[in-house]
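# Secondary and tertiary structure notes
One-letter residues, chain by chain:
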Amino acid sequence: MRHPITLRFMEIFIAASETGSMSRAAAKLGISQAAISQQIKQVENMLDTALFDRSVRPFRLTAAGLVLQARANHLLSIANETWGTVRALGSSRIPDLRIAVINSLAGTLLPELFERSHVGMWQDRFSLRTGLSFDQNEALLNQEVDVVMTADALEGVSGLERHPLATETHLIVAPPTMEKGPDDLEKLSEELPLLRYNTHTVMGPKIDQHLRRLRIDIPRRAEFDSSWSIGELVRAGRGWAIMTPLCLFESQLQPQDLSIHRFPHVSLSRTIWLVTRQGELGQIPAELATLCRRILTMRRENHIAAYGEIAAAALDVADNSIPAVR
């Protein structure tokens, strides 16, 4: 029989025992409540032993659960340290480096990242996947990837190390005929529609939330799932958008295709992070973060600066001296 007490289960068990709630444990780990309940119930069935007393709220640990709790944190710490030491042996090379990157960073980082990693700096095989932040973060927590580059730092999840890469401020991106920056977004939306990121993206809900906080009510007339689609419509003069410098680069617009303006109200920004499981990859995450910052700096100087001073100033690349956040 396969041993039921896996590293992933210990992470789930620790979260549930510390929070006293399956739903809060799920929120802390960034996975579904059903996945938490299923794994715990599966282990209890295999052990034929209840770990939680579910007759009370919040639930309590049984005698067996207390024994497991006393040892789980220590065992998990030893496992992570051992894994990190083994993978860091030799010249810090690993057989396979699995990286996940959010869509808005893929075109920015992928060419140089692949070139520099593919030559064998850290690993023998390079694997990269792109997608939305919440999909990539779940892949990291499920150990499907080793590193994610994301706009969500998973702040409530323990056992991770986070390296800031850059912070970017959202801008107003409009057709080239708009020479003057808008001071009233509601009035602007009456003349041209806001080309929104839809709710399936990470950008869309965050921008919507920011507009609600500012009590700016703009009709939902056009929604899209990619910066390229939005950029094409901006270029055609069919609307305006709220975008970051990296999303602007991803849109493939040329400087003459648009006009860029500062957000006329309280600005909205996001930080891009490199996140990995703590202690597994030795110095590789720090070295990878340094490489990504170098690539982002080159992108700002060689490409984003072509859009003008406002766009270049809206991308602030993190300093290499900043320590990882754990």
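Going by the structure above, here's the rest.
First, a word on scope: everything that follows refers to the structure included in this document. In this numbering scheme, every chain counts its residues from 1 along its sequence in written order. Residues qualify for local features only when their pLDDT is at least 70, as the model is predicted, and side-chain atom pairs are given and counted only at 80 or more; totals for whole chains, interfaces and linings, by contrast, use all residues. Side-chain metrics rest on all non-hydrogen atoms present in the structure, leaving aside hydrogens and water.

This next bit is on the overall build of the protein chain. To qualify as a helix, a DSSP run of H or I must reach at least 4 residues; to qualify as a strand, a run of E must reach at least 2; elements of each kind are numbered from the N terminus. If you tally the helices and strands in the protein chain, you get twelve helices and 13 strands. Per-residue burial over the protein chain gives 48% buried out of 326 residues. The criterion used for residue contact is that any of the two residues' heavy atoms lie within 4.5 Å. In the protein chain, once contacts between residues fewer than 6 apart in sequence are set aside, the share between residues at least 24 apart is 76%. Summed over all atoms, the accessible surface of the protein chain reaches about 15900 Å², with 50% contributed by carbon and sulfur. For each residue, the accessible area found with a 1.4 Å probe, counting protein chains only, is set against the maximum for its type, and the residue is called buried under 20%, exposed over 50%, and partly exposed in between. Residue exposure ignores everything except the shown protein chains as possible cover, and the areas themselves are Shrake-Rupley values with a 1.4 Å probe.

Turning next to the nonpolar core. Throughout this description, the term nonpolar core refers to a set of buried Ala, Val, Leu, Ile, Met, Phe, Trp, Tyr and Cys residues connected via side-chain atoms within 4.5 Å. Grouped together as the largest cluster of nonpolar side chains are 60 residues, with contacts concentrated most on L105, M149, L185, L211 and W240. With residues up to four places along the chain from it excluded, the contact list for W240 reads I172, V173, A174, L185, L188, S189, L192, P193, L194, L195, I218 and V234.

Attention now goes to the side chain of T62. Relative to the elements of secondary structure, T62 occurs in the loop between β2 (60–61) and α4 (63–87). With sequence-adjacent residues up to four places away left out, T62 is seen in contact with A50, L51, F52 and D53.

Aromatic ring pairs: the centre-centre distance and the angle between the two ring planes describe each pair. Pairing of aromatic rings covers Phe, Tyr and the six-membered ring of Trp, with a centre-to-centre limit of 6.5 Å; geometry is then stacked below 30 degrees between planes, edge-to-face above 60, and tilted otherwise. Inspection of the entire model under this criterion finds two aromatic pairs. On the numbers, 5.5 Å between centres and 50° between planes, the contact of F13 with F52 is tilted. Taken together, the positions of F13 in helix α1 (residues 7–19) and F52 in strand β1 (residues 52–53) put the pair 39 residues apart, joining distant regions of the chain. For F13, a relative accessible area of 0% corresponds to the buried category.

Right, let's talk about α1 for a bit. To estimate the expected span of a helix, count its residues, drop one, and scale the result by 1.5 Å. Helix length check: α1, at 13 residues, gives a terminal C-alpha distance of 19 Å against a target of 18 Å (1.5 Å per residue), a fit within 8%. Burial runs high along α1: ten of the 13 residues are buried. R8, F9, M10, E11, I12, F13, I14, A15, A16 and S17 are the residues of α1 that are buried. Backbone geometry just after α1 places G20 at a positive phi near 70°.

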